[in-house]
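# Structural overview
The chain contents come next:
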Amino acid sequence: MDVNQAKQEHLLALKVMRLTKPTLFTNMPVTSEDRDLPGDLFSMLMKSDPSTIKGAEMVMLGEMLTLPQNFGNIFLGETFSSYISVHNDSNQVVKDILVKADLQTSSQRLNLSTSNSSVSELKPECCIDDVIHHEVKEIGTHILVCAVSYTTQSGEKLYFRKFFKFQTDEVFLEAQIQNITTSPMFMEKVSLEPSLMYSVTELNMVTSEEEGESTFGKMSYLQPMDTRQYLYCLKPKAEFAEKAGVIKGVTVIGKLDIVWKTNLGERGRLQTSQLQRMAPGYGDIRLTLESVPDTVNLEEPFDITCKITNCSERTMDLVLEMCNTRSVHWCGVSGRQLGKLSPSASMSLPLKLLTSAQGLQSVSGLRLTDTFLKRTYEYDDIAQVCVVCPFLSPES
Amino acid sequence: FTDSPVLTGASNPIQSPLVCQPSPSLSKFFADNGSTNPASDFFDSFTTSSFISVSNPNAESPTVAAPPERQLSSSGTTMPNQTHQDVTTPIFFGAPPMEGPTGASQPGLAEATPPFSKLQAVFSGSDDPFATALSMSEVDRRYDAWLPSEETRKVLISVATQQFNPMHVDKECITMPGLKFDNLQGDAVKDLMLRFLGDQAAAKRQVLTASSVEQSFLGLKQLISTKNWRAAVDLTGRLLTAHGQGYGKSGQPTSHTTDSLQLWFVRLALLTKLSLFQNAELEFEPFGNLDQPDLYYEYYPVIYPGRRGSMVPFSMRVLHAEMTQYLGRPQESLDRLHSMRSVCQKILDNLEEGLAEDGSMMNLTQENRQEVSICELWSCVCTLVSSIAQDFVLAVATYQSLVQYEPEQTVQLLSAIGRIFLQIGDIKTAEKHFLDVEKICQTKADGQPLHTAVMMNRAFLYLSQNNYAEAHTCFTNILKCDPKNPVANNNAAVCLLYLGRLKESLRQLESLVQQDPALYLHESVLFNLTTMYELESSRSTQKKQALLEAVACREGDSFNTQCLKLV
């Protein structure tokens with residue numbers, strides 16, 4: 001998990017350990033009657049074992065705590081806690097030690113250290129400890145960057161960094177419903193009523209027509225203790241994406257509305273309260289399409305309008321490049337400066353292009369470069385257009 | 001088919017050398033010195049010694065052995081009962097009832113049950129009324145009582161009515177076990193020593209092996225009690241090989257005795273304790289669901305005349321049920337336990353109606369009615385074990401019902417329920433159970449163990465609420481009254497780590513291990529210690545090797561060396 005960057009021998013060693021909750025030690029008791037061959041041997045051994053429950057040695061779940069033995073998984077919304085220890089492995093006193101722990105995600109860099117002041121001296125075999133916490137609000141790659149700077153006895157200033165990488169996972173909405181009554185029930189409706197911000201696609205029908213068959217097929221009812229999963233795909237609505245700039249943080253997705261019927265149409269209904277969701281991160285720049293025609297004529301220039309939104313927390317200075325593909329040819333000046341874009345702000349980008357091939361063509365080839373960080377973002381397959389030939393073949 | 005099944009049989013081809021002692025002289029036990037139970041003493045010393053009988057020409061003739069004060073009727077081999085009509089308490093047989101609600105403890109008897117197979121070898125022949133009486137012991141009947149399935153019952157009836165032809169027996173329904181692997185991989189501690197401490201240090205390691213003990217039940221018990229379980233598994237292998245069920249013998253017709261099944265039970269139990277579940281499952285497989293006809297005494301009317309019931313120890317049934325849970329199939333465990341429970345319940349119902357365990361008519365004396373509770377206890381064990389499956393709802397319900405059977409364990413059981421809820425993440429319900437524990441502890445006399453329980457539960461609650469400081473305080477409070485409490489000591493150190501106090505935590509655990517290795521050289525503590533060594537510095541190997549040295553001079557071959565993190 002850790003990538004050691006420094007090639008030089010350092011006097012200090014940095015160690016990081018993820019601190020999930022400890023686990024309770026479990027035992028493996030074996031029952032044996034007095035008249036069996038082992039007699040009470042097993043029972044005596046359990047009694048003298050320090051990790052068994054005294055007076056109830058057959059209880060497997062003990063009370064001894066064991067530290068986590070592996071990194072485990074991290075899910076969106078969980079808190080990442082870690083122990084960071086800097087140990088003086090040498091035999092000399094080290095001075096002015098500064099330890100910094102930052103978390104780098106695709107959209108931001110956060111300082112997690114609990115103290116930002118340096119420690120004046122660290123004797124041999126001593127260590128500087130810190131426990132950091134971070135609530136994971138973005139999916140994707142996270143990198144914990146730990147940097148240590150210190151001064152040796154001879155006055156030499158040294159510095160090293162270590163990187164620790166981990167990933168978080170994404171989630172659709174899956175609702176699991178179980179019939180906890182003692183009679184079978186028919187699920188008439190399980191729908192997600194979205195909030196104003198989202199539009200919902202129900203993924204519980206085999207076909208999307210009105211008369212489509214449900215994914216549960218012929219099993220149209222739930223027996224007692226049966227469980228079913230319902231899946232929904234959530235998309236934020238266009239107008240709300242615009243107004244809020246970028247959807248960040250906690251949003252309200254909607255309510256689950258459940259209607260069921262039992263014996264002779266006995267009806268039951270439940271509505272959940274508003275369900276909430278943590279939005280995943282989108283990256284620094286987001287490019288969306290504002291207008292594009294469905295059908296265009298072959299080799300005739302047409303207009304599209306893009307919108308660029310700055311999703312990061314710093315001002316960007318952007319340069320636009322347009323690259324031609326086999327079928328798409330851009331019109332205009334490539335490599336022009338678009339000007340500064342402040343955080344959460346957006347700008348409209350009208351563009352002209354033409355296509356040289358018929359059929360369904362994909363609009364690709366836009367490149368945005370952030371001159372500050374010298375980072376380029378590529379945008380391909382932004383839209384599809386249907387290209388038709390405007391000339392009718394002469395008849396006669 | 002009449003290949004002598006008993007370990008003690010004279011005609012047994014014994015491969016490994018067995019230690020033999022001459023039969024005790026009978027006259028020694030029938031002297032006229034007014035001792036209270038001379039006959040029972042005879043049986044106890046006979047069977048609790050490491051005696052493995054081979055035919056001894058110096059032994060007294062069996063017919064001398066009839067005890068003077070008893071007239072036992074020769075009731076033949078088919079009826080299971082009447083001999084004790086004029087006897088109120090069975091005095092011959094050593095095993096007192098299981099601890100708990102059963103009554104009728106038997107005075108002056110040793111703890112081990114006489115394995116009747118051994119006695120049978122000496123008193124051969126089924127005409128001997130004494131032997132017949134032995135084989136119809138009340139206690140045996142109660143412990144061996146089991147209800148065979150319909151198919152098994154049919155086979156057993158055909159055996160009893162002598163219509164049974166072993167040639168026609170369906171191979172599917174007989175038990176043909178055999179060792180599935182030859183030897184366990186020796187001593188993991190010694191292997192580590194060879195690798196990290198050198199040949200000289202490794203040579204100093206002294207543990208009991210299968211060869212360094214008596215090749216008998218006694219030797220086996222020695223290996224078990226010194227925690228040399230791998231060697232014990234090897235020894236069971238040797239003894240089972242002598243019995244004809246060794247490596248490669250699986251699938252070959254054989255026969256079973258009480259002893260051979262006890263050996264299998266011990267072997268499979270040790271494999272379980274060593275977490276070698278797949279090995280255990282492989283070797284359990286030929287036993288089916290422990291109901292095959294050749295696992296019943298009735299299948300061997302010559303060897304066990306008149307004896308009825310299952311040879312399979314109840315503990316082996318429990319082990320069989322637990323096994324699938326360790327293999328990741330908890331539902332199967334529950335199924336097996338439920339079917340065991342229903343058999344126990346049926347037996348109980350029969351007894352309560354005044355019938356014998358298997359539903360046949362019999363005369364129950366007053367004392368026998370007390371033994372009904374043995375079955376209750378068996379039911380109780382079943383339910384206790386079902387709680388270890390992953391079904392939390394059932395586990396909690398089971399623990400709650402257990403409180404009725406084992407009221408003295410109420411505090412521990414309620415606390416365990418609370419911990420289960422903490423594991424799931426349901427803090428509120430855990431809290432509710434911990435409060436119940438506190439109420440009970442308040443009503444009882446103020447004692448240290450109760451105070452410990454309350455503090456421990458509070459500490460776990462604080463942990464679940466991320467309050468490591470308060471959790472640490474609770475654990476140290478326990479140590480004020482009970483400074484040697486290993487759980488409180490370990491857990492306090494763990495809290496220190498979460499509070500960012502690595503050095504302190506390390507010092508605490510290290511000093512515990514140094515001062516009291518008997519208590520603290522435990523897997524869970526060592527996992528914590530080595531994890532912290534790795535967090536502390538890059539030179540942790542040296543410190544881990546020191547732990548290896550400490551372990552080497554104390555722990556048996558069943559020690560889980562993974563906790564040393566040397567490989």
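Since this is a predicted model, take the numbers as computed values, not measurements. (Residues numbered from 1 in each chain as written. Chains lettered and ligands numbered in written order. Predicted model: local features only at pLDDT ≥ 70, side-chain atom pairs only at ≥ 80, totals over all residues. Heavy atoms only, no water.)

### Points about the overall build of chain B
Each helix and strand counted, chain B has 25 helices and 0 strands in total. Counting the 567 residues in chain B, one finds 55% classified as buried. Accessible surface, chain B as shown: approximately 24,900 Å² in total, 51% of it carbon and sulfur. (Helix = DSSP H or I, 4+ residues; strand = E, 2+ residues; numbered from the N terminus. Buried < 20%, exposed > 50% of the residue type's maximum accessible area, 1.4 Å probe, protein only. Areas by Shrake-Rupley, 256 points an atom, 1.4 Å probe, with all protein chains shown as cover.)

### Structural notes on the overall build of chain A
Tallying secondary structure elements over chain A gives 2 helices and 30 strands in all. Here chain A holds 396 residues, and 44% of them are scored as buried. For chain A, the exposed surface amounts to about 21,000 Å²; the carbon and sulfur share of it is 52%.

### Some details on the sheet that holds strand β30 (residues 383–388) of chain A
All names here are of chain A. Here 3 strands make up an open sheet; going across it, the order is β21-β30-β27 and the pairing mixed. At either margin of the open sheet sits one strand with a lone partner, and together these are β21 (295–297) and β27 (359–363). Across this sheet, the average inter-strand angle for adjacent strands is 40 degrees, counted without regard to direction. As defined by bridge partners, β21 adjoins β30 across 3 bridges and the pair is classed as parallel. If you follow T295 over to β30, its bridge partner there is C386. (Pairing = 2+ DSSP bridges. Axes fitted to C-alpha atoms, helices over the stretch in contact; angles between N-to-C directions.)

### As for the interface of chain A and chain B
Facing the 53 residues of chain A at the interface are 78 residues of chain B. Of the roughly 5,700 Å² buried between chain A and chain B on both sides combined, carbon and sulfur atoms contribute 64%. Inspection of the chain A/chain B interface yields 3 salt bridges. The interface formed by chain A and chain B includes 29 residue pairs in polar contact (both at pLDDT 80 or more). (Contact = heavy atoms within 4.5 Å. Buried area = accessible area lost by both parts, 1.4 Å probe. Salt bridge = Lys/Arg side-chain N within 4 Å of Asp/Glu carboxyl O. Polar contact = N/O pair within 3.5 Å; in protein donor to acceptor, adjacent residues only side chain to side chain.)

### With respect to the pairing of strand β26 (residues 346–355) of chain A
Residue and element names in this part refer to chain A. Because side chains alternate across β26, one face comprises the buried residues M347, L349, L351, L353 and T355, and the other comprises S346, S348, P350, K352 and L354, none of which is buried. With 8 bridges joining them, strand β22 (residues 302–310) and β26 adopt antiparallel strand pairing. Its bridge partner lying in β26, T305 is registered against P350. Summarising the sheet, strand β24 (residues 328–331) and β26 pair through 4 bridges and their orientation is antiparallel. Bridge assignment links V328 to a residue of β26, and that residue is T355.

### What about the environment of B:I420?
Residue and element names in this part refer to chain B. As for its position among the elements, I420 is in helix α17 (residues 410–424). Look at I420 and you get buried, because its relative accessible area is 7%. As a C-alpha pair, I420 and A430 span 10 residues in sequence and 7.7 Å in three-dimensional space.

### Concerning the environment of A:L158
Relative to the elements of secondary structure, A:L158 occurs in strand β11 (residues 157–168). Separated by 10 residues in sequence, A:L158 and A:V148 place their C-alpha atoms 8.4 Å apart.

### Topic: the nonpolar core
Among the nonpolar cores identified, the biggest contains 79 residues, and B:F475, B:L497, B:L526 and B:L564 are the most heavily contacted of them. By residue number, the principal contributor to this core is helix α19 (residues 448–464) of chain B, which donates 9 residues. Each residue touching B:L497, except ones within four places of it in the same chain, is listed here: A:M17, A:L19, A:L67, A:Y83, A:V131, B:L502, B:S505, B:M532 and B:L535. The next biggest cluster of nonpolar side chains, apart from the first, holds 64 residues, and it includes B:I174, B:I224, B:A269 and B:M311. (Core = buried A, V, L, I, M, F, W, Y, C linked by side-chain atoms within 4.5 Å.)

### Considering the sheet that holds strand β5 (residues 79–88) of chain A
Across the sheet, which stays open at both edges, the 3 strands sit in the order β2-β5-β9 (chain A) with antiparallel pairing between neighbours. Bordering the open sheet on either side are β2 (12–18) and β9 (127–135) of chain A, each of which pairs with just one other strand. Across the sheet, the mean angle from the axis of one strand to that of its neighbour is 20 degrees, orientation sign disregarded. Note: β5(A) against β9(A), 9 bridges, orientation antiparallel. Directly across from A:H87, in β9(A), lies its bridge partner A:C127. Contacting β2 and β5 of chain A, helix α24 (residues 523–536) of chain B runs over the sheet at an angle of about 135 degrees to β2(A).

### Focus: the packing of helix α20 (residues 468–481) of chain B against helix α21 (residues 486–498) of chain B
Residue and element names in this part refer to chain B. Viewed as axis vectors pointing N to C, α20 and α21 meet at an angle of 155 degrees, and their least axial separation amounts to 9 Å. Judged by the inter-axis angle, α20 sits roughly antiparallel to α21. The chirality of how α20 crosses α21 is left-handed. Facing α20, whose interface residues are Y468, A471, H472, F475, I478 and L479, α21 presents A488, N489, N491, A492, C495, L496 and Y498. For the contact of α20 with α21, the residue count by class is 10 nonpolar, 3 polar and no charged. (Parallel < 35°, antiparallel > 145°, perpendicular 65-115°, else oblique. Left-handed = near helix turned anticlockwise from the far one by under 90°. Nonpolar A, V, L, I, M, F, W, Y, C, P; charged D, E, K, R; others polar.)

### Side note on unusual backbone geometry
Negative phi characterises most residues that are not glycine, and trans characterises most peptide bonds. The phi torsion at A:S344 lies on the positive side, around 70 degrees, for a residue other than glycine. Among the secondary structure elements, A:S344 is positioned in the loop between β25 (336–341) and β26. On the accessibility criterion, A:S344 (46% relative accessible area) is partly exposed. If you check the backbone angles, B:K565 has positive phi at about 55 degrees while not being a glycine. Mapping B:K565 onto the fold places it in the segment after α25 (540–552). Looking at B:K565, the relative accessible area reads 18%, which means it is buried.

### So, the pattern of salt bridges
Applying the stated criterion to the full structure yields 27 salt bridges over all chains. In this structure, A:D102 and A:K100 form a salt bridge, with 3.5 Å as the shortest nitrogen-oxygen distance. Here A:K100 falls in the partly exposed class, since its relative accessible area comes to 34%. B:E438 serves as the salt-bridge partner of B:R458, at 3.2 Å between the closest nitrogen and oxygen. Here B:E438 lies in helix α18 (residues 427–443) and B:R458 lies in helix α19, a separation of 20 residues in the sequence.

### Quick look at the confidence of the model for chain B
Residue and element names in this part refer to chain B. In this model, chain B carries an average pLDDT of 73, and 68% of its residues clear a pLDDT of 70 or more. Here residues 1–128 scores under 50 on pLDDT; set against residues more than four positions off or in separate chains, the count is 190 contacts. Across the interfaces of the predicted complex, the ipTM metric reaches 0.71, alongside a pTM of 0.63. (pLDDT = per-residue confidence, 0-100.)

### Observations regarding the packing of aromatic side chains
Tallied over the entire structure, the rule returns 12 aromatic pairs over all chains. Ring geometry for A:F71 and A:F166: centres 5.9 Å apart, planes at 45 degrees, overall tilted. With A:F71 in the loop between β4 (61–66) and β5 and A:F166 in strand β11, this residue pair connects regions lying 95 residues apart in the sequence. A relative accessible area of 22% means that A:F71 is categorised as partly exposed. Note on A:F166: relative accessible area 6%, which makes it buried. Aromatic pair B:F284 and B:F287: ring centres 6.5 Å apart, planes at 85 degrees, arrangement edge-to-face. Of the residues examined, B:F284 reaches a relative accessible area of 3% and is grouped as buried. Cluster of aromatic residues (ring-pair linked, three or more members): B:Y297, B:Y299, B:Y300 and B:Y304. (Phe/Tyr/Trp six-rings, centres within 6.5 Å; stacked < 30°, edge-to-face > 60°.)

### Let's talk about helix α22 (residues 502–515) of chain B
In an α-helix there are 3.6 residues to a turn, and that puts residues three or four apart on one side. Along its 14 residues, α22(B) runs 20 Å from first to last C-alpha, staying within 8% of the 20 Å computed at 1.5 Å per residue. Buried residues of α22(B): B:L502, B:K503, B:S505, B:L506, B:L509, B:L512 and B:V513, and no others. Looking at the buried positions of α22(B), the neighbouring elements they touch are β5 and β9 of chain A together with α21, α23 (517–520), α24 and α25 of chain B. (Expected span 1.5 Å × (residues − 1).)

### Considerations on the confidence of the model for chain A
As a note on interpretation, predicted positions should not be read in detail where pLDDT is low. All names here are of chain A. Residue-level pLDDT values for chain A average 82, and 85% of them are 70 or greater. Ranking the elements of chain A by mean pLDDT puts strand β1 (residues 2–4) last with 42 and β24 first with 93. Low pLDDT, under 50, characterises residues 1–7; the predicted model gives this stretch 13 contacts beyond four residues in sequence or across chains. Low pLDDT, under 50, characterises residues 241–248; the predicted model gives this stretch 17 contacts beyond four residues in sequence or across chains.

### Section: the environment of B:E549
All names here are of chain B. Relative to the helices and strands, E549 resides in helix α25. Relative accessible area serves as the criterion here: at 47%, E549 is assigned to the partly exposed category. Put simply, E549 and M193 are 356 residues apart on the chain and 7.9 Å apart in space, counted from C-alpha to C-alpha.

### Observations concerning the packing of α22(B) against α24(B)
Pairs of packed helices are described in terms of their axes, by the angle between the two and the distance that separates them. All names here are of chain B. Two numbers describe how α22 lies on α24: the axes approach to 10 Å, and their chain directions differ by 140 degrees. The angle between the axes of α22 and α24 places the two elements in the oblique class. Once α22 is placed against α24, the crossing between them reads as left-handed. Contacts from L502, K503, S505, L506, L509, E510 and V513 in α22 reach V525, N528, L529, M532, Y533, L535 and E536 in α24. Class assignment of the residues belonging to the contact of α22 with α24 gives a composition of 9 nonpolar, 2 polar and 3 charged.

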